[in-house]
Every structure is written in C-alpha cells, then in structure tokens.
Amino acid sequence: MGLREIALGGIYFSPLLLYALLGVFFAGVLRTFLHRWLGSRVLWFEAWFDLALFVIATAAIAFLFSSTW
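Residues numbered from 1 in each chain as written. Predicted model: local features only at pLDDT ≥ 70, side-chain atom pairs only at ≥ 80, totals over all residues. Heavy atoms only, no water.

*Asks:* Even after reading the chapter, I still don't get helix α1 (residues 15-38), so can you show me in this structure?
*Replies:* Note: α-helices contain 3.6 residues per turn, so residues at a spacing of three or four share the same orientation. With 24 residues, α1 should cover 34 Å at 1.5 Å per step; its first-to-last C-alpha distance of 33 Å lies within 8% of that length. Along its buried surface, α1 packs onto β1 (6-8), β2 (11-13) and α2 (46-66). Backbone nitrogen of Leu-16 and a side-chain oxygen of the N-cap are separated by 3.2 Å at the start of α1; the cap is Ser-14. In the segment just after α1, Gly-39 is the residue with positive phi, at about 90°. (Helix = DSSP H or I, 4+ residues; strand = E, 2+ residues; numbered from the N terminus. Expected span 1.5 Å × (residues − 1). Contact = heavy atoms within 4.5 Å. Polar contact = N/O pair within 3.5 Å; in protein donor to acceptor, adjacent residues only side chain to side chain.)

*Asks:* I keep staring at the pattern of salt bridges and nothing clicks. Help me out?
*Replies:* Oppositely charged side chains can form a pair if their charged atoms are brought close together. All chains considered together, the criterion is met by two salt bridges. Among the salt bridges present, the one from Arg-31 reaches Glu-46, with a minimum N-O distance of 3.5 Å. Placement of Arg-31 in helix α1 and of Glu-46 in helix α2 is noted, with a sequence separation of 15 residues between them. Its relative accessible area of 29% is what places Glu-46 among the partly exposed residues. A salt bridge links Asp-50 to Arg-31; its shortest N-O distance comes to 2.8 Å. Here Asp-50 is found in helix α2, whereas its partner Arg-31 is found in helix α1, with 19 residues between them in sequence. The partly exposed category is assigned to Asp-50, whose relative accessible area is 24%. Judged by its relative accessible area of 30%, Arg-31 falls in the partly exposed class. Here the residues in one salt-bridge network are Arg-31, Glu-46 and Asp-50, joined through shared partners. (Salt bridge = Lys/Arg side-chain N within 4 Å of Asp/Glu carboxyl O. Buried < 20%, exposed > 50% of the residue type's maximum accessible area, 1.4 Å probe, protein only.)

*Asks:* Looking at this structure, how should I read the packing of α1 against α2?
*Replies:* Think of two packed helices as two axes; the pair is described by the angle between the axes and how far apart they sit. Two elements in contact, α1 and α2, have axes separated by 8 Å at closest approach and are oriented at 130°. Here α2 runs oblique to α1, going by the angle between their axes. Crossing of α1 against α2: the hand is right-handed. Each of Tyr-19, Ala-20, Leu-22, Gly-23, Val-24, Phe-26, Ala-27, Leu-30, Arg-31, Leu-34 and His-35 in α1 lies in contact with α2, whose residues at this interface are Glu-46, Phe-49, Asp-50, Leu-53, Phe-54, Ala-57, Thr-58, Ile-61, Ala-62, Phe-65 and Ser-66. Taken together, the residues of the contact of α1 with α2 sort by class into 15 nonpolar, four polar and three charged. (Axes fitted to C-alpha atoms, helices over the stretch in contact; angles between N-to-C directions. Parallel < 35°, antiparallel > 145°, perpendicular 65-115°, else oblique. Left-handed = near helix turned anticlockwise from the far one by under 90°. Nonpolar A, V, L, I, M, F, W, Y, C, P; charged D, E, K, R; others polar.)

In structure tokens:
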C-alpha cells in the first residue's frame, strides 16, 4: 500500500488515518487480552499503557504496510 493518498469520492485521505484505525482495533484486542491474562492490578497507569499500546500498534502497522519487500 505504501504512503500514498487514498481517494474516496474525490476526497484524498492520508494513509495514516487507515493505519490509526487499524491501530485502535489491534490495540483494543491486545488490551483486552492483556487485561484478562495479567489483570488490571498489574497495570498501574492504564491510560498511559493504552496510549503506548496504540502508538506501538499504529507504528507497527505503518511499518508493515509501507515497507517495500
């Protein structure tokens, strides 16, 4: 896919929007899995953990989709 704009109805969207939406989804799945596996008492600062998980998931998705193999 790369880092090219996505045209929908004549409006150009950044590919980072798609990556961020996928990042929210995967961060939510990972968060649910980790909270059930570790419990919420292990994660002290849950808001910072959620934000960091979202950033890591979005960066990983952007890297996977934009790298040329």
